[in-house]
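Inside the fold
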Amino acid sequence: MRKFAILVLSITLSGCHKPAKRINEIIKVEVAHSGYWSTGGAATAIDSTLHLTYYGRPGIRNLNYYEGTIDTATWNTLNRKLASVRFKSVDAIVDRHIADIPTYELIVYWKNGKRRLVRDFHAGDSVLNTIRWLDSIYRHTALKPAKKPAKLETTFQNPPAIPKEQAKFPWPK
């Protein structure tokens, strides 16, 4: 009987401990999408200080750099979503190279590294859903024009010009 009481007591006490506090290992994310027929490209950077930098055309504004602040709940949600898609081990590139659809680029920075993920609009996976959610965060943030341009490592917001050899109409001579 004594062994049974010790067993019940140890099970009860082991279930009473508080779970360890979740540590957000991500220190910064950058997300960008390429231009497509209806809009130009845009990029968003968010860091662990909750600072958001946006490059694009929010609403009817001009193409420029804007900044704002997100709340802690959004940052925690961002960390949970990225952890749930296993950003460190998922396929890095899912892109069919179709010219007239948006292609998304995500760069995740953490203490000891970074990872670049690319998805096209038709990827249809949880990574694309997370990237599209990240790409829309700026819409829920009060943006103001930035005092200076930000340095973004993403490249999809600035697609390269079409080479002269691939132009549909000949260039003037």
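Details of the structure are given in the entry above.
Residues numbered from 1 in each chain as written. Predicted model: local features only at pLDDT ≥ 70, side-chain atom pairs only at ≥ 80, totals over all residues. Heavy atoms only, no water.

**With respect to the pairing of strand 6 (residues 103-110)**
Of all 8 residues in strand 6, 8 are buried; the element is thus mostly enclosed. Here strand 6 shows no split at all, with T103, E105, I107 and Y109 on one side and Y104, L106, V108 and W110 on the other all buried. Pairing analysis gives 7 bridges linking strand 1 (residues 26-33) to strand 6, with the strands arranged antiparallel. Looking across to strand 6, one finds that V29 is bridged to V108. In terms of strand pairing, strand 6 meets strand 7 (residues 113-120) through 8 bridges, oriented antiparallel. Its bridge partner being in strand 7, E105 is matched across the sheet by V118. Here strand 6 folds back onto strand 7 in antiparallel fashion, the turn holding 2 residues. (Buried < 20%, exposed > 50% of the residue type's maximum accessible area, 1.4 Å probe, protein only. Helix = DSSP H or I, 4+ residues; strand = E, 2+ residues; numbered from the N terminus. Pairing = 2+ DSSP bridges.)

**Comments concerning the pattern of salt bridges**
A complete count under the given rule lists 5 salt bridges for this structure. Put simply, R116 and E105 hold a salt bridge, and the shortest N to O gap is 2.8 Å. Note that R116 is positioned in strand 7 and E105 in strand 6, a separation of 11 residues in sequence. (Salt bridge = Lys/Arg side-chain N within 4 Å of Asp/Glu carboxyl O.)

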